[in-house]
Amino acid sequence: GAGVSQSPSNKVTEKGKDVELRCDPISGHTALYWYRQRLGQGLEFLIYFQGNSAPDKSGLPSDRFSAERTGESVSTLTIQRTQQEDSAVYLCASSSGTVTEAFFGQGTRLTVV
Amino acid sequence: EDQVTQSPEALRLQEGESSSLNCSYTVSGLRGLFWYRQDPGKGPEFLFTLYSAGEEKEKERLKATLTKKESFLHITAPKPEDSATYLCAGTTGGFKTIFGAGTRLFVKA
């Protein structure tokens, strides 16, 4: 596609359930980022993938969070046993290199009830 | 600890009233300083990348500058359509990009 695509755009889940968020980056982009943005806040770094290198997971807030990326394609962010504090917009971005502009998706708005 | 701090949190301007947004950073081995614009309900949109102190870039009414400790986004004669949140981000030596909390700009006609 022409841009970064995220699905679903909205997700409402019950506390304690697992959720999986998907990101389709721009074709050919080697770098992929996940960020969390709480209402009225800035972007909180979660995880960074670059090519076939080991991902930088230093921003994942707990072991309930995990992410995978197959090669230079789709990435999934999984949150297990969701809590109300996980409610936020989860943004995915991709870029063609390590210090180049990132292109963001529209985000997945997660609401945990 | 790598950190990016933006000020002010919010800025209200009259149309045509020029001003500047500040981004101070402590980022180990800074590889690049980025400015993005974010409209409500959307993902951030790229504006500028600055790589070294003294560098400046311009686009329409916006001009970004970089020193060794901070970056400024100057807005000249803003229009209501410039209203948005402006985000600053730094890429570390380890290629992780961290964002500031943003400055919410409101421009009144």
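Reference entry: report on the structure contained in this document. (Residues numbered from 1 in each chain as written. Chains lettered and ligands numbered in written order. Predicted model: local features only at pLDDT ≥ 70, side-chain atom pairs only at ≥ 80, totals over all residues. Heavy atoms only, no water.)

Here we come to the overall build of chain A. The helix and strand inventory of chain A stands at zero helices and 10 strands. Against the 2.2 N^0.38 benchmark of 13 Å for 113 residues, chain A shows a C-alpha radius of gyration of 13 Å, consistent with a compact globule. Its C-alpha atoms put chain A at 35 × 25 × 25 Å along the principal axes. Looking at chain A residue by residue over its 113 residues, the buried ones come to 50%. Considering only residue pairs separated by 6 or more positions, chain A has 54% of its internal contacts joining residues 24 or more positions apart. Each charge sign in chain A was given a centre, from 11 positive and 12 negative side chains, and these centres are 5 Å apart. (Helix = DSSP H or I, 4+ residues; strand = E, 2+ residues; numbered from the N terminus. Rg over C-alpha atoms; globule rule 2.2 N^0.38 Å. Buried < 20%, exposed > 50% of the residue type's maximum accessible area, 1.4 Å probe, protein only. Contact = heavy atoms within 4.5 Å. Lys, Arg positive; Asp, Glu negative; His and termini not counted. Charge placed at Lys NZ, Arg CZ, Asp CG, Glu CD.)

Time to look at the state of the cysteines. Think of a disulfide as a covalent bridge from one cysteine sulfur atom to another cysteine sulfur atom. A complete count under the given rule lists two disulfides over all chains for this structure. The disulfide partner of Cys23 of chain A is Cys92 of chain A, and the S-S distance across this bridge is 1.9 Å. The sign of the S-S torsion, about -65 degrees, decides the handedness of the disulfide formed by Cys23 of chain A and Cys92 of chain A: left-handed. Taken together, the positions of Cys23 of chain A in strand S3 (residues 19-24) and Cys92 of chain A in strand S8 (residues 88-95) put the pair 69 residues apart, joining distant regions of the chain. Per residue, the accessibility class of Cys23 of chain A equals that of Cys92 of chain A, and both read buried. Here Cys23 of chain B engages in a disulfide with Cys88 of chain B; their sulfurs sit 2.0 Å apart. Classification of the bridge connecting Cys23 of chain B and Cys88 of chain B rests on its S-S torsion, roughly -65 degrees, and on that basis the disulfide is left-handed. Of this pair, Cys23 of chain B sits in strand S3 (residues 19-26) while Cys88 of chain B sits in strand S9 (residues 84-91), and the two are 65 residues apart along the sequence. In this structure Cys23 of chain B comes out as buried when scored by relative accessible area, which is 0%. (Disulfide = S-S within 2.5 Å.)

Another point: the layout of surface pockets. For the largest pocket, the calculated volume is near 1200 Å³. Residue lining of the largest pocket: 49 residues in total, with Gln37, Arg38, Gly40, Gln41 and Gly42 of chain A positioned closest to the centre. At the level of elements, strand S4 (31-37), strand S5 (44-50), S8 and strand S10 (108-112) of chain A together with strand S1 (3-7), S9, strand S10 (97-99) and strand S11 (103-108) of chain B are the ones that each hand at least two residues to the lining of the largest pocket. There is about 170 Å³ of room inside the second largest pocket. Around the second largest pocket, the lining residues are Arg37, Glu45, Leu47, Lys59, Glu60, Arg61, Leu62, Asp82 and Tyr86 of chain B. Its residues assigned to classes, the lining of the second largest pocket shows three nonpolar, no polar and six charged. (1 Å grid on protein atoms, 1.4 Å probe; cavity = no way out; pocket = protein on both sides within 12 Å on 5 of 7 lines; lining within 4 Å. Points joined across faces, edges and corners; volume = space filled by probe spheres on them. Nonpolar A, V, L, I, M, F, W, Y, C, P; charged D, E, K, R; others polar.)

Below, the discussion takes up empty space enclosed by the protein. Summed over the entire model, instances satisfying the criterion amount to one cavity of 30 Å³ or more. In this structure, the largest cavity occupies an estimated 60 Å³ of space. Taken together, Tyr33, Tyr35, Thr98, Val99, Thr100 and Ala102 of chain A together with Phe34, Tyr36, Thr91, Thr97 and Phe99 of chain B make up the lining of the largest cavity. For the lining of the largest cavity, the elements supplying multiple residues, two or more each, are S4 of chain A together with strand S4 (32-38) and S10 of chain B. Grouping the amino acids of the lining of the largest cavity by side-chain chemistry returns seven nonpolar, four polar and no charged.

In this section: the sheet that holds S3 of chain A. All names here are of chain A. Pairing within the open sheet is antiparallel, and its four strands lie in the order S1-S3-S7-S6. A strand with exactly one partner marks an edge of an open sheet, and here the two such strands are strand S1 (5-7) and strand S6 (65-69). Averaged over all neighbouring strand pairs, the angle between strand axes comes to 15 degrees, with direction disregarded. Here three bridges tie S1 to S3, and the two strands are oriented antiparallel to one another. If you follow Ser7 over to S3, its bridge partner there is Arg22. (Pairing = 2+ DSSP bridges. Axes fitted to C-alpha atoms, helices over the stretch in contact; angles between N-to-C directions.)

Once that is clear, we can look at the interface of chain B and chain A. Taken together, the contacts link 20 residues of chain B with 19 residues of chain A. Buried area between chain B and chain A, summed over both chains or domains, comes out near 1500 Å², and the portion from carbon and sulfur atoms is 58%. Sorting the residues of chain B by area buried against chain A places Phe95, Lys96 and Phe99 of chain B first, and these three jointly supply 31% of that buried surface. The interface formed by chain B and chain A holds zero salt bridges in total. Where chain B packs against chain A, one counts seven residue pairs in polar contact (both at pLDDT 80 or more). Of all the secondary structure elements, the ones that give two or more residues to the side of chain B that touches chain A are S4, S9 and S10 of chain B. (Buried area = accessible area lost by both parts, 1.4 Å probe. Salt bridge = Lys/Arg side-chain N within 4 Å of Asp/Glu carboxyl O. Polar contact = N/O pair within 3.5 Å; in protein donor to acceptor, adjacent residues only side chain to side chain.)

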